[in-house]
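What follows is each chain in one-letter form.
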Amino acid sequence: MTESSPYDILFEPVQIGPVTTKNRFYQVPHCNGMGYRDPSAQAAMRRIKAEGGWSVVNTEQVEIHPTSDIAPFIELRIWDDQDLPHLARIAEAIHEGGALAGIELAHNGMNAPNLYSREIPLGPMHLPVAPDTIAPIQARAMTKRDIADLRRWHRTAVRRSIDIGYDLVYVYAAHGYSGLHHFLSPRYNQRTDEYGGSLANRMRLLREVLEDTMEIADGKAAIACRIAVEGEYGPNGVHREDIQGVLTELGELPDLWDFAMGSWEEDSLTSRFGPEGSQEEHVAGLKALTSKPVVGVGRFTSPDAMVRQIRKGLLDLIGAARPSIADPFLPNKIRDRQLESIRECIGCNICVTGDQTMSIIRCTQNPSMGEEYRRGWHPERVKPKTSDARVAVIGAGPAGLEAARALGVRGYDVNLLEAGRELGGRVTLESKLPGLSAWNRVRDYRVLAIEAMPNVEVFRESPVTAEDVLEFGFEHVLVATGSTWRADGVGRFHTTPIPVDGIEVCTPTDVLAGRLPTGQRVVVYDDDYYYMGGVIAEALRAAGKDVSIVTPSAQVSQWTVHTFEVGKIQRRLIEAGIVRHTDHAVVSAAAGGVTISSVYTEQTTQLEADALVMVTARLPKDELFTQLEARIGDSDLLTVRGIGDAWAPGTIAAAVWSGRRAAEEFEMDLKPNDEVQFRREVTALDPIWPGVTLQATGAGK
Ligand code: ADP
Ligand code: SF4
């Protein structure tokens, strides 16, 4: 980097108590669905972030005690010494990558239903567990003894964390996931003792835990405090004045302040509902209340936006979870001025769905995320080619683009053939829908990369038939021809066609191609449950139609509960004047109307309508694959593989992953598919079996 780089400021060191960062790029703690179940997978993932230039790489929340158990979610645990080897491996891996290792200790307080440990949840008051769970379990108001216990557990966890090599230790008071946050919040804390009431009382426990932590750390590790600055649950939540008060009183206690929002949902806004840097209004002015460095997030992918945060005095460190997931090498790319190769986060929250579904993290933009250990994938590198074979990739949607890119990186000669003029397939089309413009980055990153590769040739306006493939003498073909939405109503609810007669029927395929229904009154049938039903309804409303939306589910776009969008989608539909009919399925449609039926009572209702838009399911466009597969052996064709939606319609993330997989596996010796295709860790058996007896467990002591 030259002296005059406008981004030099991002590469300045920052002193955090006893440690110094090498730059201002800071991977804040983030969940990943790996946790205690997949510790080596997590270690490999974090190491790659460190390798990519992040100066601090943190774990996700680490439960400090069995009373902080948020099962079924899979996070890390530091309950006792048994957990330490997992955590030590992660710290070691982060160090190997060249970063400082941070650990986010957490007591989940009344957010921990303790479904695994069966301990009684601990909160400021007797209240049902909240905010992330609706289990029929109540937290018990903590006594002074409980408070003393909590402080002792936290001190022990701090000691253990430092002993196993962590450089930075967190005190967690954000996202509604921390007992310290619950104590701060008048919503959850109406205690009448010295831990409730005034702000000074509500922050007492936070102060005590911070003081304990500083004392134990004793300069051997930096101490960070992650605090919710805004966005919590209506008028009696934690708000700006409270945080200003906390910073005024406790501002000099820890070595670093990490500003977060009152809920993870508000912290990780999707691009559909918030722009880059959307936390700025909440963070502005807080840095002035402490002399300690501060870090915050905002889905920062643009180096100019990052520089602005520093120059405006909003932040000292650029925090990132999602941008570091989409591009673990973001810092190094900025350092090396390779801005065109940055893989920008699209703000879709598919990464969040990994944690939310208790499965391993995945990312739309970075198909290697979560596969670093399991399959040995790397975000920047792919194994070199093993022959001079030429590969034809047919279809330039997310699957075809990623396959062509990754095969190109491997060094193969690739012909990418696309029927249309534009590249990007469904991404190009869907990014025109309301709120989805950032999704284009999936295409742009790959097209830019491909354009820079002399060994990848792109042919637009080239619809390919099986005869063409054979005529050109292609030996290896990947078929990435995508899918089409079905118009017959078959989906989850109905697995046979819905009777329809005399009414206009459309699908998202039509709407995306610009063929909107001609009728004024439109019923959208969402039996898909991801974003498409809601966003098509929005698009049609914006085009001036009278729109109602019907779904057998309890909410429109129900699966977006995992992307933190479901509530925001309902709100947007209501505000747009779109009528929602939930818990209902379309059962038939005829001229002038659509008949819907309650999924519980089968009672039917008539909706007046001129058109019905089926958002139910898709069919793969796999004719080309089928035809080609039949010709292997009686032509030059040696291999053909279907990828992406052409193989099985799914998410854009799944299509990208499938393209990457095909490229990674091309000409590799693969295990037969009766064997597990990836590395995994299996719980080690307790060596003392069968000697366990009730007495030996020490229960009740
Ligand atoms: P995926 O999500 O699996 O990548 P998409 O539907 O986004 O699938 O993209 C499929 C792409 O394939 C589209 O751009 C489409 O125009 C292109 N395509 C479909 N059939 C052919 C074909 N026979 N020849 C060339 N391109 C095709
Ligand atoms: Fe960003 Fe989506 Fe990847 Fe998450 S899954 S990091 S939101 S691109």
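As annotated in an unreviewed UniProt entry, the protein chain carries the name Dimethylamine/trimethylamine dehydrogenase and comes from Flexivirga oryzae. Quoted verbatim from the Sequence similarities (unreviewed entry) field of the UniProt record, the comment on the protein chain reads "In the N-terminal section; belongs to the NADH:flavin oxidoreductase/NADH oxidase family."

Asker: How would you explain the site of ligand 1 if you had to name every residue and give the values?
Answerer: The local shell around ligand 1 holds 22 residues, among which A399, E418, R426, V464 and D645 are the closest. Take A399: an N or O atom from its main chain is 2.8 Å from an oxygen atom of ligand 1. The separation between a nitrogen atom of ligand 1 and a polar main-chain atom of V464 is 2.9 Å. Relative to its unbound accessible area of 580 Å², ligand 1 is 86% covered by the protein chains. Grouping the constituent residues of the shell around ligand 1 by class yields 10 nonpolar, eight polar and four charged.

Asker: Explain the packing of aromatic side chains to me, using residue names and the numbers behind them.
Answerer: The geometry of an aromatic ring pair is captured by two quantities: the separation of the ring centres and the angle between the planes. On inspection of all chains with the given rule, the structure shows 12 aromatic pairs. Measuring from centroid to centroid gives 6.1 Å for W79 and Y116, while their planes differ by 35 degrees, and the two rings are tilted. Here Y116 lies in the loop between β6 (100-106) and β7 (122-123) and W79 lies in the loop between β5 (76-77) and α2 (84-97), a separation of 37 residues in the sequence. You can call W79 buried: its relative accessible area is 18%. On the numbers, 4.8 Å between centres and 75 degrees between planes, the contact of W264 with F564 is edge-to-face.

Asker: Please give an account of the nonpolar core that cites residues and values.
Answerer: L10, L206 and W257 are the most contacted members of the largest nonpolar core, which has 75 residues in total. Those residues in contact with L10 that lie beyond four places of it in its chain are N23, R24, F25, P303, M306, V307, I310, I318 and I334. Among the nonpolar cores identified, the runner-up in size contains 35 residues, and F273, I350, I578 and V615 belong to it.

Asker: Tell me about the pattern of salt bridges, and please be specific about residues and values.
Answerer: A full pass over the atoms with the stated rule returns 56 salt bridges. Here D212 and R151 are joined by a salt bridge, their closest N and O atoms 2.9 Å apart. In this pair, D212 is assigned in helix α6 (residues 204-217) and R151 in helix α3 (residues 144-163), connecting sequence segments 61 residues apart. Of the charged contacts, one joins D488 and R486 as a salt bridge, the two residues approaching to 2.9 Å between their closest N and O atoms. Residue D488 is classed as partly exposed on the basis of its relative accessible area, which comes to 24%.

Asker: Got a sec to walk through helix α1 (residues 39-51)? Specific residues and values, please.
Answerer: Taking 1.5 Å of rise per residue, the 13 residues of α1 would be expected to cover 18 Å, and the 18 Å separating its terminal C-alpha atoms lies within 8% of that figure. Of all the 13 residues making up α1, 11 are buried; the element is thus mostly covered by neighbouring parts of the structure. Taken residue by residue, α1 has P39, S40, A41, Q42, A43, A44, M45, R46, I48, K49 and A50 as its buried positions. Of the residues trailing α1, G53 is marked for its positive phi of about 110 degrees.

Asker: Can you break down the pairing of strand β22 (residues 521-526) residue by residue, with the values?
Answerer: With five of six residues buried, β22 is to be regarded as a mostly interior element. Pairing geometry for β22 and strand β23 (residues 546-550), over five bridges, is parallel. The residue bridging R521 from the neighbouring strand is D546, located in β23. In terms of handedness, the path from β22 via helix α19 (residues 532-542) over to β23 forms a crossover that is right-handed. Direction of pairing for β22 relative to strand β28 (residues 611-615): parallel, over a ladder of five bridges. By the bridge assignment, V524 is partnered in β28 with V613.

Scoring rules and cut-offs
Residues numbered from 1 in each chain as written. Chains lettered and ligands numbered in written order. Predicted model: local features only at pLDDT ≥ 70, side-chain atom pairs only at ≥ 80, totals over all residues. Heavy atoms only, no water. UniProt positions renumbered as here; feature names shortened; annotations may be inferred. Near = heavy atom within 4 Å. Polar contact = N/O pair within 3.5 Å; in protein donor to acceptor, adjacent residues only side chain to side chain. Areas by Shrake-Rupley, 256 points an atom, 1.4 Å probe, with all protein chains shown as cover. Nonpolar A, V, L, I, M, F, W, Y, C, P; charged D, E, K, R; others polar. Phe/Tyr/Trp six-rings, centres within 6.5 Å; stacked < 30°, edge-to-face > 60°. Helix = DSSP H or I, 4+ residues; strand = E, 2+ residues; numbered from the N terminus. Buried < 20%, exposed > 50% of the residue type's maximum accessible area, 1.4 Å probe, protein only. Core = buried A, V, L, I, M, F, W, Y, C linked by side-chain atoms within 4.5 Å. Contact = heavy atoms within 4.5 Å. Salt bridge = Lys/Arg side-chain N within 4 Å of Asp/Glu carboxyl O. Expected span 1.5 Å × (residues − 1). Pairing = 2+ DSSP bridges. Right-handed = clockwise from strand over helix to strand, strands pointing away.

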